[in-house]
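The primary structure of each chain is shown beneath.
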Protein chains: 4
Amino acid sequence: MLEEYENRTDLALEANEQIKDEGKQSGIVVHENYDELSGLKITCIDITDSNGEKALGRKMGRYVTAENMELATADSGQQDYMADRLACIMAELIKSSMNPSANPHDRIKILVVGLGNKEVTPDSLGPLVTEYVSVLDYGDDEPAEDAHIRMTAIAPGVMAQTGMETAVIVRGVVASSRPDVVIAIDALAARSSARLNTTVQLSDRINPGSGVGNHRMGLTRESVGVPVIAVGIPTVIEAATIVHDAIVNFTKAFAGSDIMGTMKDVMDSMTERERRALMLELIAPSMSTMYVTPRDVDAAVQRTAYIVAKALDRLPDIMTSA
Amino acid sequence: MLEEYENRTDLALEANEQIKDEGKQSGIVVHENYDELSGLKITCIDITDSNGEKALGRKMGRYVTAENMELATADSGQQDYMADRLACIMAELIKSSMNPSANPHDRIKILVVGLGNKEVTPDSLGPLVTEYVSVLDYGDDEPAEDAHIRMTAIAPGVMAQTGMETAVIVRGVVASSRPDVVIAIDALAARSSARLNTTVQLSDRINPGSGVGNHRMGLTRESVGVPVIAVGIPTVIEAATIVHDAIVNFTKAFAGSDIMGTMKDVMDSMTERERRALMLELIAPSMSTMYVTPRDVDAAVQRTAYIVAKALDRLPDIMTSA
Amino acid sequence: MLEEYENRTDLALEANEQIKDEGKQSGIVVHENYDELSGLKITCIDITDSNGEKALGRKMGRYVTAENMELATADSGQQDYMADRLACIMAELIKSSMNPSANPHDRIKILVVGLGNKEVTPDSLGPLVTEYVSVLDYGDDEPAEDAHIRMTAIAPGVMAQTGMETAVIVRGVVASSRPDVVIAIDALAARSSARLNTTVQLSDRINPGSGVGNHRMGLTRESVGVPVIAVGIPTVIEAATIVHDAIVNFTKAFAGSDIMGTMKDVMDSMTERERRALMLELIAPSMSTMYVTPRDVDAAVQRTAYIVAKALDRLPDIMTSA
Amino acid sequence: MLEEYENRTDLALEANEQIKDEGKQSGIVVHENYDELSGLKITCIDITDSNGEKALGRKMGRYVTAENMELATADSGQQDYMADRLACIMAELIKSSMNPSANPHDRIKILVVGLGNKEVTPDSLGPLVTEYVSVLDYGDDEPAEDAHIRMTAIAPGVMAQTGMETAVIVRGVVASSRPDVVIAIDALAARSSARLNTTVQLSDRINPGSGVGNHRMGLTRESVGVPVIAVGIPTVIEAATIVHDAIVNFTKAFAGSDIMGTMKDVMDSMTERERRALMLELIAPSMSTMYVTPRDVDAAVQRTAYIVAKALDRLPDIMTSA
């Protein structure tokens, strides 16, 4: 029963790990490779049908994860390699998301959207990236007419600051500035503390309800009108997840003893209502509005925001040369 | 000739002072009064036709100035009075801007737009106001269905940060969030240092090119689709204005002597090109991208932003009770 | 055994709650009262000897807690009452900390120290208070010679920013600016989520290792040279505490069943090393560097910092009139 | 007479330019060279006696200026060269400032002091540098015992924030943390707009009253107890300087005419008091608390702070290898 309790993760990679033991699933295709230059382990998960959707609890699409972004110890050369690798993955996702009949020589307009609340450190990734990205800083000069890529950026804030759903703002700015694609940067929730600030997920899908903040409406091609590429880095774990995992580990620790049997007997003797009450007692309601985050999250978010901004700065070159 | 050199001010009040000596102008109607409670001197300037437009160098409309906002010395009671007075002026401008056929009992949606660059202290007024305003912070609760006013807010950033014209972003957000009126908050340029951070201009017109920043396109009813109320506080003087004024004062100081005659002779002997070159030498080209601002502008802007935010917080009550 | 695992709280009030069931302790004197005007429940805990020190795990001294600071819903009048009440408690702690032979008419110099990291939202309380406090903002004017209280303020940053122990910086500034007393503001860790951002602890003792950050050396009269009054508000819960509490609740839930007996048998059959390993597995090492905090911590910290700053602003009046 | 009016510049280079026409001065030794790799023009001015002190209006010492820091257009390779060159100049100033009898193999402790007000954009250089410098960010690890250089950093704030003279805070932190040398980073005032954000002055002297802010007491070896190396970048021009220069240029423009004679006659006919009144009218009193700064000062200060921080990060390697 405990295992059924929702374990929120915004990483498709972690969702896949949870169901791995159950053997190969239809509708899920996984490819792994290791990129020597950047030191990144790349996992590409394709959800290809509704079976896959159900098994992983997220929408059809491609979810690429780049792990091992040990930025704290990486030198500036290796950071460049990482940024280049991330830019390549972005470029591929953009190309496959756009209308295949589009003329490849047309100029592409990209709108970078930095989701999240700048005032809350672990939720500040998106706004920081829009601050750090420099490719759009034309000053008074218009970009050369023959530039293949044109980039703009916005940090729309969160509902507590604006009184508006973020998706409403983004939809409006898309309608008036007419980009060909949106790249949405967001801080995510993971299950494993080892993945905080070290893993990037790039995908052609944003699932509603993801992110550190409360993005009630998802940012999707349907809701904003153009393809949306999502770039997310986990910075928090839900407090409820921590509690759940502790209890699962606790019961596992007594797996060989009679406890599990006794516990099952007790559970069986409870009504459904009693069982729910027990769960609610363990995972207090206040937990649902709380998250767990590392002490040094400020430095970590600044470093990862810097790499993502660098990747965006490299994107025009990489898309043009490809 | 010197007097002809453009003396930029965003305050209609100052523009009117410059032409006062020339006697009463057609197309300009001025009313003054003093509000005892708040200690504010209120001047209402109506530009009623194209004569007035030409004389004051700005578009037809109402420009209300509230002077003497000595916030540094005001106690919290007096600040409340000031906020209330500003809210009343806003309410009047909103009512006269909106469609007269609108049902007075309909809910009014207001979008507060904080113009300017938060990273540049004297240009941070607008973004600070959107931070301080609290009336829209519903948390998880929706406002009561019968609330007469609903307020949302956004700080769209400046072109150097977004790569987009601010008006494009605002137009988009207006289109998707459908407010009935926009209240745009902006830091302005004045001519007199005594007016910096002590004067508020409220008007039903934003003129293109106003503000500390470079808002190339104006925010107008035409460009965004709904009425726009402008609330501005001067925080800078153009560097060119300072230089111009010094030279005018300098020549005035010698008014009784032969200097003016001699100067006129010299000027007359110059070609037009030489005269222009002289002006350019005096007001160096680099001046045009520079501004003058007080040393304590940080504290001053925070104080005025707080009063404007308070006025916005009071607006729903005042509009409902009116 | 689980109960023995350290449950960190920086609130003496919570430490006292944990030992309450064990009956009255020598060396601990508790007084409670309710302040109608402010709506605050005030609990004063005096630790009077080493028995009390051992029982509560903190040094001899007075720990006053003001609960129920429901700032989100308080109007500005009630906030004024709260600030006044807090200022009174500060005034009493200051007076009892200072040399009784001091001339009561001498001017008192207070140094406000805002501990913590401004870049990490739940640790930003101290730096925010030093920003908000206005009583020291003399501008160019020296305070009147006959002012009874003179206040200065500093936010020393954290070791990751300065490379220095915070206590080293404070000791230096105390030595050169010679205040009579230090008021140290800090964000704390609590055990109960209900106390986050709603409770203030004021005491004449700072215990080493307290606070959200890692203040390795305590700020004490011994380490800085003058009395230190501590004002703390809990903004986080240690991640290990959350896990611990969940497991305790879990085992309690099965208290009536045979599980506890079985569990005890299993535990007894384990070696000490095995038991430790189990604990470490449940409370992962990474947990020790993580904390739990509410989603809306930014707004909550801003509100409480504002009240504490207001209390400091009121302190001179209150100390002079008393 | 106008020329006598104080023209404030914090750059010894500009002070020297103003007296150049008067021929070679005793007590001033100037060396220039051009560094190809970094593209910097380096001017070293030594003030060697009281004649030089009087002529340049500043204390004996070495003032090195690195011009042409066109950071907006420099690529990251050239920025590295600039940072290295600045680090070399710092290393030389440190070595010549320290006790020559010191054992060259002893560990050197450096305290970086970021002067200025972070909330006022053109005064934020110092605090930004202490934020960006990373060499002191040891996290939990102490630096290796055999590290030759150990760096710490502090941003003491300004008097309006702390109520204390900055020098009092620095003296205290020096006393308690015992560095061998202080490197003080500060934003300066220049005379020429072309030098704003493009010139660095490194010197072994800080003159009282320099800097954008109001540092009433200088930071000197005498006031803080250890040698002080000053690193300054001009970000503002005094408003009075702009006005003065305009009037000088204006009178120069009429140099060939009779105006100068007439003006001299008028001036001569004035009493001393009348002349002072004229000057005060031209350079309004409010001007003395105002400064002129470029519109894009935020981006410019961030870029130069980044280079200075990089130079500090390189300093340990450069001092060790030298």
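Note that the structure is a prediction, hence the values are computed from the model and not measured. (Residues numbered from 1 in each chain as written. Chains lettered and ligands numbered in written order. Predicted model: local features only at pLDDT ≥ 70, side-chain atom pairs only at ≥ 80, totals over all residues. Heavy atoms only, no water.)

> Describe in detail the overall build of chain A, supporting the description with residues and values.
Scanning chain A for helices and strands turns up 11 helices and nine strands. For chain A, buried positions account for 58% of its 322 residues. The long-range fraction of contacts in chain A, counting pairs at least 24 apart against all pairs at least 6 apart in sequence, stands at 77%. Looking at chain A as shown, the accessible area adds up to about 13500 Å², and 49% of this sits on carbon and sulfur atoms. (Helix = DSSP H or I, 4+ residues; strand = E, 2+ residues; numbered from the N terminus. Buried < 20%, exposed > 50% of the residue type's maximum accessible area, 1.4 Å probe, protein only. Contact = heavy atoms within 4.5 Å. Areas by Shrake-Rupley, 256 points an atom, 1.4 Å probe, with all protein chains shown as cover.)

> Tell me what's going on with unusual backbone geometry, and back it up with residues and numbers.
Backbone geometry at A:Arg178 places phi at a positive 50°, although glycine is not the residue there. Accessibility expressed as a relative area gives 63% for A:Arg178, which makes it exposed.

> Please give an account of the pattern of salt bridges that cites residues and values.
Enumeration over the complete set of coordinates arrives at 52 salt bridges over all chains. A salt bridge links B:Arg295 to D:Glu238; the nearest nitrogen and oxygen atoms lie 3.2 Å apart. Placement of B:Arg295 in the loop between strand E9 (290-294) and helix H11 (297-321) and of D:Glu238 in strand E8 (residues 228-238) is noted, with the two residues assigned to different chains. By relative accessible area, which is 23% here, B:Arg295 ends up partly exposed. Residue classification places D:Glu238 among the buried positions, given a relative accessible area of 10%. Among the ionic pairs, C:Lys310 bridges to C:Asp80, the shortest N-O distance being 2.7 Å. Here C:Lys310, found in helix H11 (residues 297-321), pairs with C:Asp80, found in helix H3 (residues 76-97); they are 230 residues apart in sequence, far enough to count as distant. A residue is classified by how much of its surface remains accessible, and C:Asp80, at 37% relative accessible area, is partly exposed. The network of salt bridges with shared partners includes A:Glu14, A:Glu17, A:Lys41, A:Glu67 and A:Arg195. (Salt bridge = Lys/Arg side-chain N within 4 Å of Asp/Glu carboxyl O.)

> Describe in detail helix H3 (residues 76-97) of chain B, supporting the description with residues and values.
Helical geometry note: an α-helix holds 3.6 residues per turn, so side chains three or four residues apart project in the same direction. End to end, H3(B) covers 31 Å across 22 residues, agreeing with the expected 32 Å (1.5 Å per residue, within 8%). Those residues of H3(B) that sit buried are B:Gln79, B:Met82, B:Ala83, B:Leu86, B:Ala87, B:Ile89, B:Met90, B:Ala91, B:Leu93, B:Ile94 and B:Ser97. (Expected span 1.5 Å × (residues − 1).)

> For helix H11 (residues 297-321) of chain A, give the residues involved together with the corresponding values.
Here H11(A) spans 36 Å end to end across 25 residues, near enough to the 36 Å set by a 1.5 Å rise per residue. Along H11(A), the helix axis deviates most sharply at A:Arg314, where the bend reaches about 40°; the proline A:Pro316 sits within four residues downstream. (Bend = angle between axes of the 7 residues up to and from the residue.)

> Can you explain the pairing of strand E7 (residues 200-203) of chain A? Please cite residues and give values.
All names here are of chain A. Here E7 shows no split at all, with Val200 and Leu202 on one side and Gln201 and Ser203 on the other all buried. As judged from the four bridges shared by strand E3 (residues 61-67) and E7, these two strands associate in the antiparallel manner. Paired with tyrosine 63 across the bridge in E7 is serine 203. Where E7 lies against strand E8 (residues 228-238), three bridges are found, and the strand directions are antiparallel. Within E8, the position partnered with serine 203 by the bridge is alanine 230. (Pairing = 2+ DSSP bridges.)

> Give a detailed account of the side chain of B:Ser203, specifying residues and quantitative values.
Residue and element names in this part refer to chain B. The topology assignment puts serine 203 in strand E7 (residues 200-203). Judged by its relative accessible area of 1%, serine 203 falls in the buried class. Within the structure, the side chain of serine 203 is placed 2.8 Å from the backbone oxygen of arginine 205, a separation counted as a polar contact. What serine 203 contacts, discounting residues up to four positions off in sequence, is Arg62, Tyr63, Leu93, Val228, Ile229 and Ala230. (Polar contact = N/O pair within 3.5 Å; in protein donor to acceptor, adjacent residues only side chain to side chain.)

> An account of the packing of helix H4 (residues 125-132) of chain A against H11(A) is needed here, citing residue identities and associated values.
Residue and element names in this part refer to chain A. Where H4 meets H11, the axes come as close as 8 Å, and the angle between the chain directions of the two elements is 50°. Classified by the interaxial angle, the pair formed by H4 and H11 is oblique. Like other packed secondary-structure pairs, H4 and H11 cross with a definite hand, here right-handed. Every residue of H11 that contacts H4 at Leu125, Leu128, Val129 and Tyr132 is listed here: Val301, Gln302, Thr304, Ala305, Tyr306, Val308, Ala309, Leu312 and Asp313. A breakdown of the residues in the contact of H4 with H11 according to their chemical character gives 10 nonpolar, two polar and one charged. (Axes fitted to C-alpha atoms, helices over the stretch in contact; angles between N-to-C directions. Parallel < 35°, antiparallel > 145°, perpendicular 65-115°, else oblique. Left-handed = near helix turned anticlockwise from the far one by under 90°. Nonpolar A, V, L, I, M, F, W, Y, C, P; charged D, E, K, R; others polar.)

> Requested: an account of the packing of H3(C) against H11(C), with residues and values cited.
All names here are of chain C. Here H3 crosses H11 at 60°, and the two axes come no closer than 7 Å. As summarised for this structure, H3 and H11 are arranged oblique, according to the angle between their axes. Crossing angle aside, the handedness with which H3 passes H11 is right-handed. The class makeup of the residues in the contact of H3 with H11 is 15 nonpolar, two polar and five charged.

> If you had to explain the confidence of the model for chain A to someone new, which residues and values would you point to?
On average, chain A scores 84 in pLDDT, and the residues at 70 or more come to 80%. Confidence drops under pLDDT 50 across residues 1-5 of chain A; counting only partners more than four residues distant or on other chains, this segment forms 13 contacts. (pLDDT = per-residue confidence, 0-100.)

> Kindly report on a nonpolar patch on the surface, identifying the contributing residues and their values.
A surface patch of nonpolar side chains, amounting to about 270 Å² of accessible area, comprises A:Tyr132, A:Tyr306 and D:Tyr306. A relative accessible area of 35% places D:Tyr306 in the partly exposed class. (Patch = residues over 30% accessible without salt bridge, like charges linked within 9 Å, V, L, I, M, F, W, Y side chains within 5 Å.)

> Give a detailed account of the environment of A:Leu219, specifying residues and quantitative values.
Residues and elements named next belong to chain A. Following the sequence through the fold, leucine 219 ends up in the loop between E7 and helix H7 (221-224). Classification of leucine 219 by relative accessible area gives buried; the value is 5%. As for leucine 219 and isoleucine 206, which are separated by 13 residues in sequence, their C-alpha atoms are 6.0 Å apart. Excluding residues within four positions of it along the chain, leucine 219 makes contact with Leu115, Ala167, Val170, Ala184, Ile206, Val224 and Val228.

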